[in-house]
Amino acid sequence: MSQAKNYRKNKLIPVGIFILYWLIPLVYAAVSGQPEAGLTGFQAVKSAVSSLFCTKGYTPLIMIFFIELGLVIFGLIYIRTRKQKLTWGNGFGKDGGLLLVFLLLLIVPFIIAWQTESSVCVRGKSFFWQSIFIEVFILATLAMSYNLMFGFTGVISFGHAAFFGIGAYGVGLLIYHLEWPLGISVIATLLLSIVLGLFVSVIGIRIRGLYFAIFTLAFAEIFFILSQNRIMTEITGAEDGFTFSVPDWINATHNRLTFYYLALLYLLFTYWFIRRLVNSPTGRIMGALRDNEDRALMLGYNTFWFKTLSIVTAGTLASGAGILRALLNKGASPNVLGLNFTMDPLLMTLIGGAGTYNGPVIGAFFLRLTEQVLRDATLQLGAIEINIGERWALILGGLFILSVLVFPAGIVGTWRLKSPQIRQGWQRLLKRFKVEQPDQ
């Protein structure tokens, strides 16, 4: 019983740190901000918070965030050095690195606003980069959902874009045509993705390997063709797609910072959920299917059930990412059902490391941010000027080939395999340059 209590307490420490990290600046803004005249109650508090959060350039909030971040770093280092004596801090020490990255992502919009003299609430550099990071969060979530099938269960699919597109079209069509509330539309779309995952599993999962991948590709192409067929113009808008209205609080045009945090929270939830699932007994069996399905079948496990669970779960998470994509763009078009949204998660997973927790996230950040940086870049070779942005597909292929050669198991996977050799080489290097103390 005591071990269970310690376990829960260790897990609650990062959650408490996150709440305090965000609550302290929020309270400061509510007390120090200047509300608009004539407002009272909650509206006055909201106006006071917005007045401080939306200030351009450097604000006291940034100083508070950095002080809190420094305290978290100090606490992490202290607990890592005292981990044998501070059992209550093991949860923070184990997940402290992930918590630190998440806390840093929380304040990225404010850091950009500080460096560019812009605001997180109106159009400017910070506003623009928020949209880029929202896309990264959505792609990272999509890549993690694909990795659950491919990396952790060994199911190869070329039709993962079907779930992503169903999420975007489902929530959009329900809001646009049936005028359902946002919450009900989201729930109904997720239920639809579960049904779609069950259908794919029951029909095609008895096919193994490449044949199942081809089946999923054909299945996804059916939705892609239907979405742009002129017969569906009145429903889906055919090739042009359609737009719909969203509530103001989640409208990325007016409240992009809110949407930024919503996408970040969904990324965190997906990461936490997949890690809990993979570390559970069910996840161990999924790993056994990936390594040797015949042996798992011989041991008495119902491989069909566990594959179905993996496909349905991955498809539902991908549909959630598609819902966020539709809400971000306030619309949907056939490109969300295209092959790109299957190949991109596959590339991100392979580059980051299949079968790892951090790999797909690293791959998504690397590819999307690199594309954005190089989009408007030009290379001058004598009298020849090369527009790198126009040749991004070629550069992407070169980066993929280079990453496979340098990191055959992905960035995270190769690091895990080579980390003992790296540590040994580092120790040998230190010994080589170590200055011996003279004899007393």
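Look above for the structure.
What's the story with the pattern of salt bridges in this structure? I'm lost.
Side-chain pairs of opposite charge can arise whenever the charged atoms involved come near each other. On inspection of all chains with the given rule, the structure shows three salt bridges. One salt bridge connects D291 with R290, and the closest N-O pair in it is separated by 3.2 Å.

Just to check I follow, could you spell out helix α8 (residues 209–227) for this structure?
The first and last C-alpha atoms of α8 sit 28 Å apart over 19 residues, in line with the 27 Å expected at 1.5 Å per residue. What α8 keeps buried is the set F212, A213, T216, F219, A220 and S227. The buried residues of α8 occupy an angular sector of 125° when projected down its axis, which confines them to one face. Those residues of α8 that are exposed and angled more than 90 degrees off the buried face are L210 and Y211. At its buried positions, α8 is contacted by α6 (161–176), α7 (182–204), α9 (233–236) and α13 (303–329).

Explanation requested: the environment of L217 in the structure shown.
Tracing the chain through its elements places L217 in helix α8. With a relative accessible area of 28%, L217 lands in the partly exposed category. Considered as a pair, L217 and H160 are 57 residues apart in the sequence and their alpha carbons are 8.3 Å apart. Apart from residues lying up to four places away in sequence, L217 is in contact with F158, G159 and L339.

Would you mind going over unusual backbone geometry with me for this structure?
Leave glycine aside and you will find that most residues have negative phi; peptide bonds, for their part, are mostly trans. The phi dihedral of E117 is positive, around 55°, even though this residue is not glycine. Secondary-structure assignment places E117 in the loop between α4 (90–116) and α5 (125–150). Of note in this structure, A238 is not a glycine but carries a positive phi near 55°. Structurally, A238 is set in the loop between α9 and β1 (242–243).

The rules behind the values
Residues numbered from 1 in each chain as written. Predicted model: local features only at pLDDT ≥ 70, side-chain atom pairs only at ≥ 80, totals over all residues. Heavy atoms only, no water. Salt bridge = Lys/Arg side-chain N within 4 Å of Asp/Glu carboxyl O. Helix = DSSP H or I, 4+ residues; strand = E, 2+ residues; numbered from the N terminus. Expected span 1.5 Å × (residues − 1). Buried < 20%, exposed > 50% of the residue type's maximum accessible area, 1.4 Å probe, protein only. Arc of directions from axis to C-beta. Contact = heavy atoms within 4.5 Å.

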